[in-house]
Amino acid sequence: MQGASRGLRQRLARRLAAGLGGRLGGLLPGRSDWSAARREPGRDLVAGLIVAVVALPLALAFGVSSGLGAQAGLVTAIVAGALAAVFGGSNLQVSGPTGAMTVVLVPIVARYGAQGVLMVGLMAGLVLVGLAALRAGRFAALLPTPVIEGFTAGIAVVIALQQIPAALGAAGVHGEKVWQVAGQALARFLAHPSAAAPVMAIAVAALMLAGSRIRPGIPFSLAGIVLATIVAQAASLKVATIGALPAGLPTPSWSFWDTGAAAALVPSALAVAALAALESLLCASVADAMSVGQKHDPDRELFGQGIANLAAPLLGGVPATAAIARTAVNVRAGARSRLAALTHAAVLAVIVLAAAGLVARIPLAALAGVLLATTIRMVEVSSLRALARATRSDALVLIGTFAVTVIFDLITAVAVGVGLAIVLALRAVARSAQLNRTPLDSTDGTDHTAEERQLLDEHIVAYRLDGPLFFAAAHRFLLELTEVSDVRVVILRMSRVTTMDATGAQVLGDAITRLEHRGILVLVSGIKHRHDQVLAALGVADHLRRDGLIFPTTPAAIAHARSHLHQHGLPHSVCEATTAQETTTRQPQKNSPTKAPTP
């Protein structure tokens, strides 16, 4: 028995491994990925060179901002940029360190040091590969726009706050919350003010912002850094610089797992993986929209980012993701294939080897200016204003996501934003559900006013249920329905119910029971088969089904209601007035076309 059970487990394990292997095999690059590169390689080489010039200061700045140093940012841009280009699902994306990722990494560095960041990167890479194998890429399209805009604006504010110490020349300020660190840096600057660093940061940011309006194709970020470095060296300004790049970078220490800290890093790894997936897939969608004939593969993109994040920490890099700013430059520069992103990584590698001494002299205040300008360009004020004016729900989700991003962290902000959006959406859907005392349908052009008045005289009321009958709307429906008065028969017209869940079915059953306890006959008409299945599965309204009180059409239900009232003492004069219509409803006249019943 145990042998058979062991054999069954082994077969299941082999099938699972085969299925997972087949899925991962479908995510590997193929020859067709490089067909576009063979058509116009010159354009891709030029585009890659342009992107490298733009990416250099950003890689340096994000490496410093993450807490692992400028060289960690360069290594990430080179390794992740190359691997994501080869294994990713987009022909145009450029990956590397990003500002959003530094927002997540700073608290990890403060608590666990460089080893914590490297381990988080490895764990996040595994999670991304797993998401790719599970084909989870398609779910990114479900994220609401107010959540995306809210956390993008929040990221911009957090990145700007991270630059305050470098921009003010206040070194040695540390902490987990960026707004606390910014406050400490400001207090230290006010105690010992110096104009050199803030003036340099503001000048570089102003040059980038003004230059991008005049000549968008020129990399003013690099020009600003070069000018700031020359001025600092010529004037012997007392400003902090990047310093000599280390000969080697820290690599993951597997003894770190023995400390028990690895388990504590799981939430951070999930946060990094979620951010990498979200930012990469959104960036890929932007690249598709900016180009013609391009369409990314979301699952392959997750796989490529997973491979990149597995490799970068092994060489001392930080977790990476696709970068919208660099990708946009790549598309505008005329890139057509993955060769451009691969060229960008190769050019950065050459710069690191040939110009490491020059990089060491770059002032940190200049890098802070680059990121301050980047944050300003991240925020689309017109888009935020439009969303805030669209609906109150959109404005609430936008503001809530933004506030949580700044005060807490990105993943909490996305979770809160999505949860709030779902609650508000359910509230809106629930409000769309209506219970109306409706007139008879006039599909044949007949005026039913007299008949409706007669029904009221007979104390027969037909209620039409419009929209969804589910947990968020059901209880309001119950209150409305059970408050009817001066009625002998209630007909529930169910043909326009769009959806029904277990709660809605139970509440419907409760409403029917309460009406019947008041001596009111309840009839149901036009119920759809799938909704009747829900009622039958829960045992709701079984007695109505058993007693023949569920009808396919409303006229049939009205005929039964009148017959019931006649049998229970309705005045004879009223019944005579309805005999002709009952006959017509039950048996179509001969020699005349039969008309479709009114649901």
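Refer to the structure presented above.
Residues numbered from 1 in each chain as written. Predicted model: local features only at pLDDT ≥ 70, side-chain atom pairs only at ≥ 80, totals over all residues. Heavy atoms only, no water.

A. Structural detail: helix α19 (residues 410–432). Between the first and last C-alpha of α19 there are 33 Å, a value that for 23 residues agrees with the 33 Å anticipated at 1.5 Å per step. Residues Leu410, Ala413, Val414, Gly417, Ala421, Leu424 and Ala430 constitute the buried set of α19. Packed against the buried residues of α19 are α4 (99–133), α5 (145–162), α11 (266–290), α18 (392–407) and α21 (471–482). (Helix = DSSP H or I, 4+ residues; strand = E, 2+ residues; numbered from the N terminus. Expected span 1.5 Å × (residues − 1). Buried < 20%, exposed > 50% of the residue type's maximum accessible area, 1.4 Å probe, protein only. Contact = heavy atoms within 4.5 Å.)

B. How the structure looks around the nonpolar core. Within the largest apolar cluster, 80 residues are counted, with the highest numbers of intra-cluster contacts made by Leu60, Ile242 and Leu410. For this core, the leading source of residues is α4, giving 16 residues. The residues touching Leu60, leaving out its near neighbours within four places in the chain, are Ala70, Leu74, Ile242, Val359, Ile362 and Leu367. In terms of nonpolar packing, the next biggest core, distinct from the first, is built from 42 residues, Ile491, Leu521, Val524 and Ala557 among them. (Core = buried A, V, L, I, M, F, W, Y, C linked by side-chain atoms within 4.5 Å.)

C. Spatial organisation of the packing of helix α9 (residues 220–235) against helix α16 (residues 364–378). Two numbers describe how α9 lies on α16: the axes approach to 9 Å, and their chain directions differ by 160°. The orientation of α9 relative to α16 falls into the category roughly antiparallel. At the point where α9 passes α16, the crossing takes the right-handed sense. Residues Ser221, Ile225 and Ala228 of α9 touch α16, and the partners they reach there are Ala366, Leu367 and Val370. When grouped by side-chain class, the residues that make up the contact of α9 with α16 number five nonpolar, one polar and no charged. (Axes fitted to C-alpha atoms, helices over the stretch in contact; angles between N-to-C directions. Parallel < 35°, antiparallel > 145°, perpendicular 65-115°, else oblique. Left-handed = near helix turned anticlockwise from the far one by under 90°. Nonpolar A, V, L, I, M, F, W, Y, C, P; charged D, E, K, R; others polar.)

D. Structural detail: the packing of α5 against α16. Where α5 contacts α16, the axes come no closer than 9 Å and their chain directions differ by 165°. Put simply, α5 runs roughly antiparallel to α16. The chirality of how α5 crosses α16 is left-handed. Side by side, α5 and α16 meet where Thr152, Ile155, Ala156, Ile159 and Ala160 of the first sit next to Leu371, Leu372, Thr375 and Met378 of the second. Considering only residue class, the contact of α5 with α16 consists of seven nonpolar, two polar and no charged.

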